[in-house]
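# Structural description and commentary
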Amino acid sequence: QDQYQKLACWCNNNNYEKDQAISASEAKISELESSIEQLTAKSAELKQNIKELEAELASDKQALAEAQAIRDKQLAAFHGQETDAVRA
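Nothing here was measured: the structure is a model prediction, and the numbers come from that model.

## Quick look at the overall build of the chain
Counting secondary structure elements, the chain contains one helix and zero strands. Here the C-alpha atoms of the chain give a radius of gyration of 37 Å, more than 25% beyond the 12 Å that 2.2 N^0.38 yields for 88 residues. Its C-alpha atoms give the chain principal-axis dimensions of about 125 × 20 × 5 Å. Split into buried and exposed, the 88 residues of the chain put 0% on the buried side. In the form shown here, the chain has an accessible surface area of approximately 8100 Å², with 57% of it arising from carbon and sulfur atoms. The averaged location of the 16 negative side-chain charges in the chain is 6 Å from the averaged location of its 10 positive side-chain charges.

What follows is the structure, given as structure tokens:
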């Protein structure tokens, strides 16, 4: 009888602890799933931002190249005029 009571008490305590552990784990799973969904959405948003910034960067590089080409032409024209003025 005494052994039975000890075993029954141990089983009840063990079941209670396992039930709590299961409940805590299920709550943690739900929390992690929610976190995964939020981070996946954030990742998609950041990927879109990266695409937009890469397009903007490419556009800016093209504009810089065009401006540099214009500046080079102006510089060559200026040097030509300056050379002509010095010779005259």
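## Here's the deal with the pattern of salt bridges
Within this structure, the stated rule accounts for one salt bridge. Between Lys-28 and Glu-31 there is a salt bridge, with its nearest N and O atoms 3.8 Å apart. In this pair, Lys-28 and Glu-31 are both assigned in helix α1 (residues 2-87), three residues apart and thus about one turn of the helix distant. Under the relative-accessibility criterion, Lys-28 is labelled partly exposed at 43%.

Quick notes on the rules
Residues numbered from 1 in each chain as written. Predicted model: local features only at pLDDT ≥ 70, side-chain atom pairs only at ≥ 80, totals over all residues. Heavy atoms only, no water. Helix = DSSP H or I, 4+ residues; strand = E, 2+ residues; numbered from the N terminus. Rg over C-alpha atoms; globule rule 2.2 N^0.38 Å. Buried < 20%, exposed > 50% of the residue type's maximum accessible area, 1.4 Å probe, protein only. Areas by Shrake-Rupley, 256 points an atom, 1.4 Å probe, with all protein chains shown as cover. Lys, Arg positive; Asp, Glu negative; His and termini not counted. Charge placed at Lys NZ, Arg CZ, Asp CG, Glu CD. Salt bridge = Lys/Arg side-chain N within 4 Å of Asp/Glu carboxyl O.

Interpretation note: all reported values are geometric properties and have no functional meaning in isolation.
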